[in-house]
Amino acid sequence: MIPYGRQDISNDDIDSVVQVLKSDWLTQGPIVPKFETQIANAVGSNNAVAVNSATSALHIACLALGLAPGDILWTSPNTFVASANCAIYCGAKVDFVDIDPLTYNLSLDKLKEKLENAEKTNTLPKILIPVHFAGQSCEMKEIHSLSQKYGFKIIEDASHAIGGSYLGHSVGSCLYSDITVFSFHPVKIITTGEGGVAVTNHLDLADKMRRFRSHGITREFQEMTHEADGPWYYQQLELGFNYRMTDIHASLGLSQLSSLKKNIFRRNQLALQYSENFKDLPIQVQLIGRNIISSYHLYVIRVCSKDRLQIFKRLTRSGIGVNVHYIPVHLQPFYKSRGFSNGDFPEAEKYYKEAISLPLHPTLTTDQQLLIIDQLKQIFR
Ligand SMILES: *Cc1c(COP(=O)(O)O)cnc(C)c1O
């Protein structure tokens, strides 16, 4: 079976991990800070806080921005559940902004309209999480100016989008947001096994996230409530978690980072090849904005909804590991039990009925891709 996504592990990656296993520290050693510095450099932000998953990163990002019971967080329904769950962890409420039918990111028009209404009813969000679906950045400049007007904070869920760019700036530069989060799960662009990172240009937010990652504990004397009892002393200032990344994981990430550019180039090459071959087929491909370079975590096609299941099954039967991203979050039983229902976000629901993710990853060979294209041409013949 050709998988829809897959990690690409080199011998250098393996050597990098083995080195840590032979070293003095498996966790809380020198490699995590080194990885953080290199991530910050690669994406153009001032601070990076590495954690054990993007889900944890989203959680501590929300906490650092003060999300609490009574607050509201908005995100896209076309995402993995973690983009919404982070609000529930903080006791806040979640609502969604419907998607654009061409980019599959949250719709700017729907966002404007929803903000206008929310202002009247006093239900404005404290935080908005735009999700850079499939690796394409949302229209951050416009979203940022709306955040200035309505006073909300922005966390970019860039789990799909490391290595991509928007208006000539790397995703993660946080020019138009408070915090950006990346995932290092094996199906994502680069991996640490499990892992994630939150980047920000605000040192105070980075410091807060560092504390939340490790039990709310500080060893910085200037952060303590009174003079330290001695050099061993630490204080727990708030309730945190153990969301730390290990040096073993970070060493894999550090090595993977060196292949990021090559990885994104290959993904774009494969995506272009798909798109050119689908021009004459009844297939809709994702519209990519003019000033955007997608990192192409996913390659999604939209087909007629009544044929989707059959096409999906035929591709699977031919050994092509297709998938569907995403089941709209508000239609999950957990969110339905919180008051959402079918029809709430019609564009995301329509999109879901038509979407198929085709295999796309740097280890996908040209021959494998030709086979996939050929299968689709046969299906539509
Ligand atoms: C994968 C993913 C996450 C969660 O990432 P983990 O590292 O697995 O916790 C969050 N948001 C989106 C959009 C994702 O694709």
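Note: the structure precedes this text.
Residues numbered from 1 in each chain as written. Predicted model: local features only at pLDDT ≥ 70, side-chain atom pairs only at ≥ 80, totals over all residues. Heavy atoms only, no water.

J.: Quick question: what am I supposed to make of the nonpolar core here?
T.: Across soluble globular proteins, nonpolar side chains have a tendency to be buried as a group. Ile 155 and Ile 179 are the most contacted members of the largest nonpolar core, which totals 49 residues. Elements represented by at least two residues in this core include exactly strand S1 (47-51), helix H3 (54-64), helix H4 (82-89), strand S3 (93-96), strand S4 (127-129), strand S8 (179-183), helix H7 (203-213) and helix H12 (346-354). Here this core takes 7 residues from H3, the largest share from any one element. When residues no more than four places from it in sequence are discounted, the contact partners of Ile 155 are Leu 58, Ala 61, Cys 62, Leu 65, Ile 127, Leu 128, Ile 129, Pro 130, Ile 179 and Val 181. (Core = buried A, V, L, I, M, F, W, Y, C linked by side-chain atoms within 4.5 Å. Buried < 20%, exposed > 50% of the residue type's maximum accessible area, 1.4 Å probe, protein only. Helix = DSSP H or I, 4+ residues; strand = E, 2+ residues; numbered from the N terminus. Contact = heavy atoms within 4.5 Å.)

J.: Help me understand the site of the ligand, please; the structure alone is not making it clear to me.
T.: Taken together, 15 residues sit near the ligand, with Thr 55, Asp 157, His 160, Ser 183 and Lys 188 positioned nearest. Separating a nitrogen atom of the ligand from a side-chain N or O atom of Asp 157 is a distance of 2.8 Å. Separating an oxygen atom of the ligand from a side-chain N or O atom of His 160 is a distance of 2.7 Å. Contact with the protein chains removes 93% of the 380 Å² of surface that the ligand exposes when unbound. Those elements that provide at least two residues to the shell around the ligand are H3 and H4. (Near = heavy atom within 4 Å. Polar contact = N/O pair within 3.5 Å; in protein donor to acceptor, adjacent residues only side chain to side chain. Areas by Shrake-Rupley, 256 points an atom, 1.4 Å probe, with all protein chains shown as cover.)

J.: Can you walk me through helix H2 (residues 31-43) in this structure?
T.: Helix length check: H2, at 13 residues, gives a terminal C-alpha distance of 18 Å against a target of 18 Å (1.5 Å per residue), a fit within 8%. Of all the positions in H2, only Ile 31, Val 32, Phe 35, Glu 36, Ile 39, Ala 40 and Val 43 are classed as buried. Where H2 terminates, the next one or two residues include Gly 44, which has phi positive at roughly 80 degrees. (Expected span 1.5 Å × (residues − 1).)

J.: What should I look at first to understand the side chain of Asp 71 in this one?
T.: Within the fold, Asp 71 resides in the loop between H3 and strand S2 (72-75). A distance of 2.8 Å separates a polar side-chain atom of Asp 71 from the backbone nitrogen of Ala 68. Those residues in contact with Asp 71, other than ones at most four positions away along the chain, are Gly 66, Ala 92, Lys 93 and Lys 126.

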